[in-house]
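Structural description and commentary
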Amino acid sequence: MPVYSKYADHILFNLLKEDDQLAYTEIFERYCKLLVNHAYKILGDQDEANDVVQEVFLSIWNKRYELIITGSLSSYLYKAVKNRILNHIAHEKVVSRYAESISNFIEDDYVLADFKLREEELEAIIAKEIDLLPAKMREVFLLRKVEDLSYEEIAIQLNITDKTAKQQVYNSLKILREKLKNFMGVFVW
């Protein structure tokens, strides 16, 4: 039986692409703790840091056949964790921003506890509905609504036309409005 701990990263990566679970396990054991510490420094929450790193490793396993790494495995893993964290933060910003704007529609005479409960329910529903958007549409939506990029900037970044970017945002808002009207009743965006 080979001793995986002595293998260089690029060998482990090649073995992983050939479905070698022991290579995957070695990569995980080699980098998991380092990546969790890295994520924790950014997020300040141990559970979230663990979740982010688990998601990265799950994604690597699920995409192992088509995965292409141009640099070192370690730099790829750190970038993957950083991107996952940025998506996580962006997602939370969108959820809280929309929850705040929609909470203005809730009538003032609700008791505070009821208001908080409704706000939390709404945040969960918005987060779920954003996650359910098609991947490209969700990406354009987050770039516009979280990163505050112009349609032109989005078009350049994603190599699409600004008209396509506008249409994607319009479509995503239409989908979200439709899904959320059942919860909130009829409201205007």
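First, a word on scope: everything that follows refers to the structure included in this document. A quick note: this is a predicted structure, and the numbers were derived from the prediction, not measured. (Residues numbered from 1 in each chain as written. Predicted model: local features only at pLDDT ≥ 70, side-chain atom pairs only at ≥ 80, totals over all residues. Heavy atoms only, no water.)

Next up on the list: the overall build of the chain. Helix and strand content of the chain: 8 helices and 0 strands. When its helices and strands are written in sequence order, the chain yields α-α-α-α-α-α-α-α. The 189 residues of the chain split such that 36% are buried. Sequence-distant contacts in the chain: of pairs separated by 6 or more residues, those separated by 24 or more amount to 58%. When the accessible surface of the chain is split by element, carbon and sulfur atoms take 52% of a total near 11,900 Å². (Helix = DSSP H or I, 4+ residues; strand = E, 2+ residues; numbered from the N terminus. Buried < 20%, exposed > 50% of the residue type's maximum accessible area, 1.4 Å probe, protein only. Contact = heavy atoms within 4.5 Å. Areas by Shrake-Rupley, 256 points an atom, 1.4 Å probe, with all protein chains shown as cover.)

Within the chain, Asp19 stands out as a residue other than glycine whose phi angle is a positive 75 degrees. In this fold, Asp19 is placed in the loop between helix H1 (9-17) and helix H2 (21-43). Given a relative accessible area of 35%, Asp19 falls into the partly exposed group. For Asn159, which is not glycine, the phi torsion reads 60 degrees and is therefore positive. Structurally, Asn159 can be placed in the loop between helix H7 (151-158) and helix H8 (162-184).

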